[in-house]
Amino acid sequence: MPCFSQKARPGLRRRLGAAGTVLLLWLACALPAMATDTIVLKNGRRIVALSAVEDGDKIRYQTDAGELSLPKSMVDHIERGTVVPMPESRAASAANMGITPPAMVASAEIEKAAVHDGSIDRNYLAQVEGEARSGSAAANEKAALALHAASQFELLRGDLEHALTDERTALTFAPDNPVVLMNVAYLHLKRSEYKASIEYLERARRVAPDDPEVAKLAGWAYYGMNKPDLAVAEWKRALVLRPDPEVENALAKAQRDNQEEANYRENESSHFTLRYSGAAEPDLAREILRALEMHFSAIESELNYTPPDSIGVILYTEQAFADITRAPGWVGALNDGRIRVPVQGLTSLTLELSRILKHELTHSFIQQKTHGRAPVWLQEGIAQWMEGQRSKDNAAVLVQVYDEKQAMGLGQLEGSWMQLTGPIAGYAYAWALANVEYVVRADGMGDMERILNRIAEGSSTEGAVQEILHSSYDDLAQATVVYLRKTYL
Ligand SMILES: [Zn+2]
């Protein structure tokens, strides 16, 4: 049975019909298969996409790089395609480049003393730090190794914040140790803090000029900073020093970017680096940059967060966008946080494009604020809220689905939505928005900000919701339905 079909909103109610259909479709779609849709633009161009969903004035669709959207006004129609089997690893492999942290020649004895029984022995760390302060080089090295072991443990648990704190403390005991320097740089990279990362890599390079790991990580940093030429140079250098499949993949990706962007122009504003094809209108590029800066200020104050580095934005025209977004295993091989916007056929900034920009920019903020830990439902809920979407017409069907005990749990909506198709994806967007809308309307964006902070610190999302709102996921869903009923029905 086909796992896809038409639009999401505003006609969610009509198509979902009996709420039971939701569950049926959900089960059918939970198979490792994916619906390929073809989005046919008015200019004749065709974009092969996954799970294209009509959402208000735009079309959203999934790619390996994550969710993308384009203004509906550019779209002529969508051809619903065939279900193609997808290897399960693809979405997973796209999520992260999987570069491994630089390895330290460690002492098993110190490692075991620093981390045992599933936790870090802070008493031991305090003891070796104390010994190091009083003196010898050996004591300093021991403290650095113990803290490095603690940092690695935290990294494995996804707690980047504490991993970085411990690795930086390790560095105070071994300021010229290239592996510690590189690990601090690595953790900054994982947090999308590219400039900070480069500072440590430069220090590492002074100590170990021919270490291939330095060049490898520097390439990643430059790539994230939207300097693909420098990234390519670093990765080529790394490969000369030592063959490495991780570097080969990254280099291929960067070269493809370079090739595509060879004829691009570049504009910069305080928070953005915008690249666009020579075929795009320079006026449009300037308008987009102005809109992005305006949205940046708004989101910055709402989420009380400023992304540390310039955010890359690429405007695509013509075939480029389709080529790049459909390339499996290539896009998203690096979490570079770039906003990729198709602007084919546009000459000035439309309201819908402005909304798309704000939506996608919100994703960049949340991604960086939480170091990539925010679940999809929260990402999509907040992004929709920020761009100005409200539950409105969807309230009735969301309530109905809930009353019939067919609502999807937020826990189910934490991971990738790549396998949600057609009406289910539409339902997921609407339900995510409703929950976020309820939280923001009830207590303001402050609560949302605190939830994101907890997630950034390593909490699970439900744990963060519990702590800040004193609600479980089930409580939140119930309160959301009460809110929808009161507000819209
Ligand atoms: Zn989105």
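As the structure is a prediction and not an experimental result, all values here were calculated from the model.

Re the overall build of the chain
Assigned secondary structure in the chain consists of 21 helices and eleven strands. In the chain, once contacts between residues fewer than 6 apart in sequence are set aside, the share between residues at least 24 apart is 69%. Here the chain displays about 19,800 Å² of accessible surface, and carbon together with sulfur accounts for 51% of that area.

Considerations on the packing of helix α5 (residues 122–133) against helix α6 (residues 137–156)
Closest axis-to-axis distance for the α5/α6 pair is 8 Å, and the angle between their directions is 150°. Viewed along their axes, α5 and α6 adopt a mutual orientation that is roughly antiparallel. Between α5 and α6 the crossing geometry is left-handed. Between α5 and α6, the contacting residues are R122, Y124, L125, V128, E129, E131 and A132 on the first element and A139, N140, K142, A143, A146, L147, A150 and E154 on the second.

With respect to the environment of E154
Mapping E154 onto the fold places it in helix α6. Judged by relative accessible area, E154 falls into the buried class, the value being 3%. C-alpha of E154 to C-alpha of S119: the two residues are 35 residues apart in sequence and 9.3 Å apart in space. Not counting chain neighbours up to four residues away, the residues in contact with E154 comprise I120, R122, D159, H162, A163 and D166. Of note is the side chain of E154, whose polar atom sits 2.9 Å from the side chain of R122.

Some points on the nonpolar core
For soluble globular proteins, nonpolar side chains are generally found buried alongside one another. The biggest cluster of nonpolar side chains holds 70 residues, and the ones touching the most others in it are I288, L315, L361, W377, L378, W431 and I451. At 13 residues, helix α18 (residues 422–443) tops the list of elements feeding residues into this core. In contact with L361, not counting residues within four places along its chain, are F272, L292, H295, F296, I299, I311 and I339.

Side note on the environment of R290
By the element assignment, R290 lies in helix α13 (residues 282–303). Judged by relative accessible area, which is 57%, R290 ranks as exposed. Linking R290 and F272, residues 18 residues apart in sequence, is a C-alpha distance of 10.0 Å.

Brief notes about the pairing of strand β10 (residues 311–316)
In terms of burial, β10 is largely enclosed, as six of its six residues are buried. Burial along β10 is two-sided: I311, V313 and L315 facing one way and G312, I314 and Y316 facing the other are all buried. Here β10 runs beside strand β11 (residues 339–342); their pairing, made up of four bridges, is parallel. Each residue of the ladder has a partner; that of L315, found in β11, is V341.

Structural notes on the packing of aromatic side chains
Evaluated as defined, the whole model comprises nine aromatic pairs. Seen from their ring centres, Y186 and W220 are 5.8 Å apart, and the 80° between their planes marks the pair as edge-to-face. Here Y186, found in helix α8 (residues 178–190), pairs with W220, found in helix α10 (residues 212–224); they are 34 residues apart in sequence, far enough to count as distant. The pair formed by Y186 and W220 is uniform in burial state, with each residue classed as buried. Note on W377 and Y473: the rings are 5.8 Å apart at their centroids and 80° apart in plane angle, and the pair reads as edge-to-face. Remark: Y473 occurs in helix α21 (residues 473–488) and W377 occurs in helix α16 (residues 376–387); sequence separation between them is 96 residues. According to the relative accessible area criterion, W377 is buried, its value standing at 2%. A connected cluster of aromatic rings, assembled from ring pairs, spans F272, F296, Y305 and F365.

Observations concerning the confidence of the model for the chain
When pLDDT is averaged along the chain, the result is 78; 74% of the residues meet or exceed 70. Segment residues 82–96 is flagged for pLDDT under 50; beyond a separation of four residues in sequence, or across chains, it makes 28 contacts in the model. Within the model, the stretch residues 321–336 combines pLDDT values under 50 with 54 contacts to residues more than four positions away or in other chains.

What to know about unusual backbone geometry
In this structure, K392 is a non-glycine residue whose phi angle is positive, near 35°. Within the secondary structure, K392 sits in the loop between α16 and α17 (395–403). At K405, a residue that is not glycine, the phi angle is positive and equals roughly 60°. Here K405 shows up in the loop between α17 and α18.

So, the pattern of salt bridges
Throughout the structure, instances matching the rule amount to 15 salt bridges. We note a salt bridge from E467 to R454, for which the minimum N-O separation is 2.7 Å. Linking E467 in helix α20 (residues 461–469) with R454 in helix α19 (residues 445–456), this pair joins segments that are 13 residues apart in sequence. One continuous salt-bridge network, built from bridges that share partners, spans E213, K216, R242, D244 and E246.

Thresholds, definitions, all that
Residues numbered from 1 in each chain as written. Predicted model: local features only at pLDDT ≥ 70, side-chain atom pairs only at ≥ 80, totals over all residues. Heavy atoms only, no water. Helix = DSSP H or I, 4+ residues; strand = E, 2+ residues; numbered from the N terminus. Contact = heavy atoms within 4.5 Å. Areas by Shrake-Rupley, 256 points an atom, 1.4 Å probe, with all protein chains shown as cover. Axes fitted to C-alpha atoms, helices over the stretch in contact; angles between N-to-C directions. Parallel < 35°, antiparallel > 145°, perpendicular 65-115°, else oblique. Left-handed = near helix turned anticlockwise from the far one by under 90°. Buried < 20%, exposed > 50% of the residue type's maximum accessible area, 1.4 Å probe, protein only. Polar contact = N/O pair within 3.5 Å; in protein donor to acceptor, adjacent residues only side chain to side chain. Core = buried A, V, L, I, M, F, W, Y, C linked by side-chain atoms within 4.5 Å. Pairing = 2+ DSSP bridges. Phe/Tyr/Trp six-rings, centres within 6.5 Å; stacked < 30°, edge-to-face > 60°. pLDDT = per-residue confidence, 0-100. Salt bridge = Lys/Arg side-chain N within 4 Å of Asp/Glu carboxyl O.

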